[in-house]
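Report on the structure
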Amino acid sequence: MRERRLSAGWSQDELAERSGVSARSISALEAGGRRPRMSSVVRLAGALGLDPETRAQWLAAAREPDARQVAEPEGADRADRADGVGRPGRADAPGAVPGGGPAGSPVGTTTPTAPTAPTGPQQLPMAIRHFTGRTRELQLLDDLLTDVTPGCGAVVISAIAGTAGVGKTTLAVHFGHRVADRFPDGQLFANLRGFDPARAPVDAADVARGFLEALGVPALRVPADPDGQLALLRSRLAGTRTLIVLDNVREAEQVRPLLPGSNTCLVVVTSRNRLPGLVALDGAVPLALDVLSPAEARELLARRLGAATVAEQQEAADELTELCARLPLALNIAAARAAEHPGTPLEVWARELRDSRARLDLLSAGDSHADVRVVLSWSYRALAPRAARLFRLLGLHPGPSVSTAAAASLAGRPMPETRALLEELHRAHLITAPERDRYTFHDLLRAYAAEQAAALEPPQGQAAATLRMLDHYLHTAHRAASLAYADDVSWQSLDLAEPAAGVAAEELADRREALDWYREEQPVLERIVDAAHRTGADVHAWQLVGAQVPYLLKSGLWQQWQRASETALAAAERTGDLGHQAHAHRWLGQVHRSQGRQPEAQRELGLALGLFEALGDRPREGRTRLDLAIAHGEEHCDAEAVAESRRALELFEAIGAPSGQALALNSIGWYLAQQGELRKALPHCRRALELARDAGNLPGQSSIWDSIGFIHHRLGEYHEALPAYHESLRLRVAVGDYFLQADIHTHLGDTHLALGDVESARAAWVRSLAILEDLQHRDADAVRARLNRCPPAPQPPRSA
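Residues numbered from 1 in each chain as written. Predicted model: local features only at pLDDT ≥ 70, side-chain atom pairs only at ≥ 80, totals over all residues. Heavy atoms only, no water.

**Structural notes on the sheet that holds strand 8 (residues 438-440)**
Pairing is antiparallel across the open sheet formed by 3 strands, whose spatial order is 6-8-7. The open sheet has two edge strands, strand 6 (402-403) and strand 7 (432-435), and neither has a second partner. Sheet analysis places strand 6 next to strand 8, joined by 2 bridges and oriented antiparallel. Across the sheet, Val402 pairs through a bridge with Tyr439, a residue of strand 8. (Pairing = 2+ DSSP bridges. Helix = DSSP H or I, 4+ residues; strand = E, 2+ residues; numbered from the N terminus.)

**Concerning the side chain of Asn273**
Inspection of the secondary structure assignment puts Asn273 in the loop between strand 4 (266-271) and helix 11 (276-282). Engagement of the side chain of Asn273 in a polar contact is seen with the backbone oxygen of Arg250, the distance being 2.9 Å. Look past the residues within four positions of Asn273 in its chain and what remains in contact with it is Ala161, Phe195, Arg250, Arg427, Ala428 and His429. (Polar contact = N/O pair within 3.5 Å; in protein donor to acceptor, adjacent residues only side chain to side chain. Contact = heavy atoms within 4.5 Å.)

**Quick look at the packing of aromatic side chains**
Aromatic ring pairs: the centre-centre distance and the angle between the two ring planes describe each pair. In the structure shown here, the tally under the stated rule is 11 aromatic pairs. Members of the aromatic cluster, joined through ring pairs, are Tyr380, Phe391, Phe441 and Tyr448. (Phe/Tyr/Trp six-rings, centres within 6.5 Å; stacked < 30°, edge-to-face > 60°.)

**Notes on the sheet that holds strand 4**
The strand order across the open sheet formed by 5 strands is 2-3-4-1-5, and the pairing between neighbours is parallel. Looking along the sheet, the strands with just one partner apiece sit at the ends: strand 2 (187-191) and strand 5 (285-289). The average angle at which neighbouring strand axes cross in this sheet is 15 degrees, direction not considered. Sheet topology note: the strand 1 (residues 156-162)/strand 5 ladder contains 5 bridges and is parallel. Opposite Ala159, over in strand 5, you have Pro286 as the bridge partner. Against the sheet, helix 7 (residues 168-178) touches strand 1, strand 2, strand 3 (243-249), strand 4 and strand 5, its axis set at about 165 degrees to strand 4. Against the sheet, helix 8 (residues 204-214) makes contact with strand 2 and strand 3, and its axis sits at roughly 150 degrees relative to strand 2, the strand it touches most. (Axes fitted to C-alpha atoms, helices over the stretch in contact; angles between N-to-C directions.)

**Overview of helix 6 (residues 135-144)**
Buried within helix 6 are the following residues: Glu137, Leu138, Leu141 and Leu144. Taken down its axis, helix 6 places every buried residue within 105 degrees of arc, on the same side. Buried residues in helix 6 make contact with strand 1, helix 7, strand 4 and strand 5. (Buried < 20%, exposed > 50% of the residue type's maximum accessible area, 1.4 Å probe, protein only. Arc of directions from axis to C-beta.)

**Looking at the pattern of salt bridges**
Applying the stated rule across the entire model yields 36 salt bridges. The salt bridge partner of Asp318 is Arg298, with a shortest N-O separation of 2.8 Å. Of this pair, Asp318 sits in helix 14 (residues 314-323) while Arg298 sits in helix 12 (residues 294-305); the two residues are 20 residues apart in sequence, bridging distant segments of the chain. Taking the relative accessible area as the measure of exposure, Arg298 reaches 27% and is therefore partly exposed. Here Glu644 ties to Arg625 by a salt bridge, and the two come within 2.6 Å at their closest N and O atoms. Note that Glu644 is positioned in helix 30 (residues 638-655) and Arg625 in helix 29 (residues 618-634), a separation of 19 residues in sequence. Judged by its relative accessible area of 8%, Glu644 is buried. (Salt bridge = Lys/Arg side-chain N within 4 Å of Asp/Glu carboxyl O.)

Shape is all these values report; function is a separate question.
Here is the structure:
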């Protein structure tokens, strides 16, 4: 020790200040005049920065009995005995070494060899052989080993939180084994049973007694009162390098008394709750554990079933991981079942799990700790009654996410109360919050919630909650459409019934908020439409589609639009509503037309036209004729397109519909231009622009400006074409019409190239291509061909 101190350039007083061991004791130790206490050796080794091997040798030497039995100087190192019962590790405490190992080396041995066995308790459970992934999380935990503030004395704590079955304990134990050599004074482990339904959570004092026993403190020296036991544990751990894993914690108060006041220790806490108090007050570093990534889940299956098996059946393996929600517990159970029948294709196991009602039954290994339903139930049973009810009702929501307002409608409760309950579920890791005010959970939790709703909510209660949910989305979507598409002929206000009591529709203020809501909720709306039709709420199903058609059309979401329209048609046919059937046929015709399927488009549009004529709905008859004109134009039948547009114009003039007239005139002008009759086309478009302006029809104005720009381009009047296109683009952006922006960018590029501005042409086509590729639209190939044919931009001349 003297050599180490002198090589560091420290006096005995400086070493005393750095280690907390008195200068008198250091002097006595260096002179060989006293026997070292284990706690003093630990502190001195830490202060001197000994390497693990040298430190282990020091600790082994400190355990050797002193043949001379040198008496301790009276009053020396009294701080080391402050607990009043004899500090663990003193010479007068039999076997009192870190971890409770025996003092047991032969008397007279003075030069120990490096130990071959750990010197402290090794309580970590067995590590999982097929541990997979978690690279990021392990790195965060590794970083904690260096996260020590010199002199502050604060213990470093990590709080691993996550839902049931996500692998919190597995990660903590795996990490513990990885770094065990960094904690030679021992690794302590305790399951605090925070969510055990059969037994009460373990009290901190009970944990302390178990730890003291493991650390070799004689029972006679353990105080009878809990506070004394906890104080003794903290004293015993002070200055040691010990890893403490506190597993399955319910709340911060359960572990706070167990925290040592020493930054040489590391405490890892796992919980299904987020333990915000431990983070805020005790400086714990939170580590939220999510389900495995797709790659990690596939790797886990490969480790359990063999890499060749998974590689040969990759599609089935990937489906299996998703059906297990990439939840480690579920994946391990599924893999164990598959491993028992090595010749059975993975597709068989995937097919069994596709039935969400039977999935939880299948994901059980006959053990309460290896049964997904049982493990999830432990978290659910810990909830307060109102939170448990909200969790059940969320099982009625089709997902993939739910807003606070939608959850409030589902529960029929006020927003502030619902927000608080959602946060309670979030803290319990029964739901996650990927973004502010939006919540979700994986499919196994959804299945469990739905199962609880079916078991505990009466049928009329489930029906009422479902109606409130449908009304929430219907009335909010209708509000969004009225804000975003009030001046668009694609939108027709719906005749809605009053929402059910308890419905909290979203409060949307303007077009921007409306479009943002559509973008956020679009994946939810798809499932809500299906849920409405599946539960027999056919009027809701049709109206939900009608309220989102303008957004789907303008956004170019063709597949979603087609599925929604097919569901709307099925719902309308089931109710026998001819008007609703006519609209659904028209929507399907528009989808087919936009996707280049013109025969199917003309068939659907023809059915719609016949129904609108029979019903006497002349405005919709006129608009359907314009749809047919576009279908003719897509097949380059421009004369038929002009004729159909003229029939539509006659209808709109007869009923006095200026917006309809504007669209019909623009359609006539466009198809005349396609026929090469440019001078005849331009007056039709200019008249159309006047009518659209008077009607305040912004989308119509955008289309007309695009036609005017196109005609000027064809006439060679490129400088007149550019401002027309720019105005058209400005209006398209303003109304949120994503798809048609691509057309305008394409036309702008054509005009820039005609003017010799290659750089601007390429930039415009690149913007167009980005939109079309995003929408996977067939027109992308034509724009890509333009870019491939485009000459390179001229290089600026080099300076001399």
